[in-house]
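Residue-level structural notes
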Amino acid sequence: MITLLCKIFIKDCNNTQDLAVRKRYGELCGIVGIGLNLFLFAGKLVAGLFSHSVSVIADALNNLSDSAASIVTIIGFKASAKKPDAAHPFGHGRIEYIAALIVSFFILTMGWELFKSSLDSIRSNTPLDASLFTIITLIVSIFIKLYMFIYNSRIGKKIKSKAMEATSKDSLCDMVSTMVVLACILTTMLVPTIKIPLDGIAGILVSLFIFYNGINSILDTINPLLGSKADPEFVSEIEKEAMKHTPIRGIHDLIVHDYGPGRTMISLHAEVPGDRNIFDLHEAIDNAEVAISKKFNCDITIHLDPIDVSNPETSSLKTIVSDFAKTLDKNITIHDLRIVPGKEHTNVIFDAVHPYSCTMSREELSNALVQRIKDYNPTYNAIVHIDEPFF
């Protein structure tokens with residue numbers, strides 16, 4: 001159903017990098033979610049009241065809160081699509097992450113409410129009076145929530161939306177909770193002599209599961225707000241595209257700033273032959289920026305780093321230093337190495353990336369590299385700059 005609705009109501013629905021298309025996906029899925037959740041709320045509320053089941057009523061209220069969460073998601077998509085302004089020159093894309101965070105708190109709130117209701121149910125040990133209507137309602141709910149999980153998860157990945165991924169997790173929680181409630185009701189019906197308050201116990205188990213998913217959803221949403229590490233696959237694709245431009249021999253110091261879907265700022269350093277015409281190099285770098293910007297729907301700035309490609313001593317020394325660095329930590333990389341002859345000594349200048357996995361301090365790493373170069377050639381004076389591992 002959702003696929004057909006997307007084709008009908010979303011023009012150019014396959015162009016998911018377009019912010020207007022993303023917004024329409026979010027709005028459509030949110031509206032469908034509101035409708036389905038209100039339908040489930042009404043059915044479960046009636047079933048819960050007639051069967052005196054606190055877990056079914058709590059499940060109904062959970063669906064009502066899901067409708068409110070869908071409204072938050074729609075508002076998030078609308079607000080995040082606003083164009084940049086003087087106060088927010090990078091746009092409003094991160095509002096979508098805030099919307100996902102609010103949805104995550106909805107999940108935790110319902111988990112807490114279900115936990116309290118379940119404790120009350122265990123204390124009172126109110127007998128269940130389940131009917132066929134209750135059973136059918138819960139079975140239908142399971143299949144509807146499974147469908148909502150599938151389409152929210154699929155479209156969330158398609159448009160890279162944290163809000164929709166949070167909603168898909170919420171749907172999964174609802175499906176599992178309803179399955180547990182159904183299992184307990186069936187057990188109570190099939191074994192009427194059982195004295196254990198299965199309804200309340202089921203509610204507590206479900207609430208713990210909801211808590212777990214809510215906390216994971218919050219962590220997934222907070223990371224991009226704080227500034228998480230760029231996706232290694234994305235970094236690899238950027239490097240492949242940059243290396244297609246002939247003068248570029250390598251890239252480093254790549255930084256990805258995520259201001260929300262469709263609002264990515266990238267900067268990187270590109271190594272180019274130092275003996276080439278500067279105007280030709282500048283044109284090549286401009287071409288690379290345009291190509292990467294179009295392919296990945298981002299803004300990018302490339303800094304030009306000239307390197308000596310004709311000096312065999314430079315290449316040999318870089319290999320020696322790189323191999324030695326790998327013995328200290330396999331993730332250490334060396335770049336921008338150049339040899340500058342002087343009257344009294346020869347300066348060897350380069351950058352080294354200090355990875356988070358390295359147990360050595362920045363100073364210890366620098367001293368080790370300096371000593372390695374001194375051992376290789378006592379006339380060399382190493383000047384090492386330690387970089388942070390942005391990717």
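The paragraphs below set out a description of the structure included in this document. (Residues numbered from 1 in each chain as written. Predicted model: local features only at pLDDT ≥ 70, side-chain atom pairs only at ≥ 80, totals over all residues. Heavy atoms only, no water.)

**Some details on the overall build of the protein chain**
For the protein chain, the helix and strand inventory stands at 11 helices and six strands. For the protein chain, whose C-alpha radius of gyration is 29 Å, the value lies well above the compact-globule estimate of 21 Å for 391 residues. Referenced to the eigenvectors of the C-alpha coordinate spread, the extents of the protein chain come out at roughly 95 × 45 × 35 Å. Buried residues in the protein chain amount to 47% of all 391 residues. For the protein chain, long-range pairs separated by at least 24 residues make up 69% of all intrachain contacts whose partners lie at least 6 apart in sequence. When the accessible area of the protein chain is evaluated, it comes to approximately 19,900 Å², of which 63% is carbon and sulfur surface. (Helix = DSSP H or I, 4+ residues; strand = E, 2+ residues; numbered from the N terminus. Rg over C-alpha atoms; globule rule 2.2 N^0.38 Å. Buried < 20%, exposed > 50% of the residue type's maximum accessible area, 1.4 Å probe, protein only. Contact = heavy atoms within 4.5 Å. Areas by Shrake-Rupley, 256 points an atom, 1.4 Å probe, with all protein chains shown as cover.)

**Concerning the packing of aromatic side chains**
Summed over all chains, the structure comprises five aromatic pairs. Taken together, a centroid distance of 5.6 Å and an interplanar angle of 90° make the contact between Phe234 and Phe296 edge-to-face. Of this pair, Phe234 sits in helix α8 (residues 232-243) while Phe296 sits in helix α9 (residues 278-296), placing them 62 residues apart in sequence. (Phe/Tyr/Trp six-rings, centres within 6.5 Å; stacked < 30°, edge-to-face > 60°.)

**Some points on the side chain of Asp174**
Inspection of the secondary structure puts Asp174 in helix α6 (residues 162-190). Here Asp174 is in contact with Asp59, Asn62, Asn63, Asp66 and Lys145, once residues within four sequence places are set aside.

**A short note on the sheet that holds strand β1 (residues 250-258)**
Spatially, the three strands line up as an open sheet ordered β1-β2-β3, and their pairing is mixed. Each edge of the open sheet carries a strand with a single partner, namely β1 and β3 (298-307). This sheet shows a mean twist of 15° between the axes of neighbouring strands, independent of strand direction. The pairing of strand β2 (residues 264-273) with β3 spans 10 bridges and is classified as parallel. By the bridge assignment, Leu268 is partnered in β3 with Ile302. (Pairing = 2+ DSSP bridges. Axes fitted to C-alpha atoms, helices over the stretch in contact; angles between N-to-C directions.)

**Points about the sheet that holds strand β4 (residues 333-340)**
Taken in spatial order, the three strands line up as β4-β5-β6 in an open sheet, and their pairing is mixed. This sheet does not close on itself; its edge strands, each paired only once, are β4 and β6 (380-387). With strand direction ignored, the average angle separating the axes of adjacent strands in the sheet is 15°. As paired strands, strand β5 (residues 346-353) and β6 are joined by eight bridges and run parallel to one another. Residue pairing across strands places Ala352 opposite Ile386, the latter belonging to β6. Each of β4, β5 and β6 is contacted by helix α10 (residues 312-328), which is oriented at about 145° to β4, the strand it contacts most. Taken strand by strand, helix α11 (residues 362-376) contacts β4, β5 and β6, and its axis lies near 155° from that of β6.

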